[in-house]
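Summary of the model geometry
Spelled out from the first residue to the last, the chains are:
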Amino acid sequence: MTTATLSPTSGLVASVAVRGGLRMAEWGLRRAARRNDPDRLLRRTEARAIVAAALAERDAVIRSTLHY
């Protein structure tokens, strides 16, 4: 049985692939931590409520100025 010889650069390619995979995993963990941060989620919820109230107020002002 014969074995295939590896390319001289196969170790380099494998190293780059492993490092890239580790960087992506680290990025994913940081992103998950950010997305699940309770304070951040609360701020987003409050900001959405403020925006919804502002849009409702804007729509009410527009409706009050329209004459049918």
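For clarity, every value in this text was computed on a predicted model and none was experimentally measured.

Of regular secondary structure, the chain possesses two helices and zero strands. Over its C-alpha trace the chain gives a radius of gyration of 27 Å, far above what one expects of a compact globule, namely 11 Å for 68 residues. Each principal axis of the C-alpha atoms in the chain carries an extent, and together these give about 90 × 30 × 20 Å. Within the span of the chain, comprising 68 residues, buried residues form 0% of the whole. Carbon and sulfur atoms make up 64% of the accessible area of the chain, which totals about 6500 Å². Distance between charge centres in the chain, computed from 12 positive and 6 negative side chains, equals 11 Å.

A contiguous patch of positive charge, built from Arg31, Arg34, Arg35, Arg40, Arg43, Arg44 and Arg48, is present on the exposed surface. Ranked by the residues each element gives to the positive patch, the list is headed by helix 2 (residues 38-65), at four residues. For Arg31, the location among the structural elements is in helix 1 (residues 10-35).

It is possible for side chains bearing opposite charge to pair when their charged atoms get close. A full pass over the atoms with the stated rule returns two salt bridges. Across the pair Arg30 and Glu26 runs a salt bridge whose closest N-O atoms are separated by 3.0 Å. In this pair, Arg30 and Glu26 both sit in helix 1, four residues apart, roughly one turn of the helix. Residue class for Arg30 comes out partly exposed when judged on its relative accessible area of 43%.

Moving on, we come to the environment of Ile62. Within the element layout of this structure, Ile62 appears in helix 2. Note: C-alpha distance between Ile62 and Ala33 (29 residues apart in sequence) is 41 Å.

Quick notes on the rules
Residues numbered from 1 in each chain as written. Predicted model: local features only at pLDDT ≥ 70, side-chain atom pairs only at ≥ 80, totals over all residues. Heavy atoms only, no water. Helix = DSSP H or I, 4+ residues; strand = E, 2+ residues; numbered from the N terminus. Rg over C-alpha atoms; globule rule 2.2 N^0.38 Å. Buried < 20%, exposed > 50% of the residue type's maximum accessible area, 1.4 Å probe, protein only. Areas by Shrake-Rupley, 256 points an atom, 1.4 Å probe, with all protein chains shown as cover. Lys, Arg positive; Asp, Glu negative; His and termini not counted. Charge placed at Lys NZ, Arg CZ, Asp CG, Glu CD. Patch = residues over 30% accessible without salt bridge, like charges linked within 9 Å, V, L, I, M, F, W, Y side chains within 5 Å. Salt bridge = Lys/Arg side-chain N within 4 Å of Asp/Glu carboxyl O.

Geometry only, nothing functional implied.
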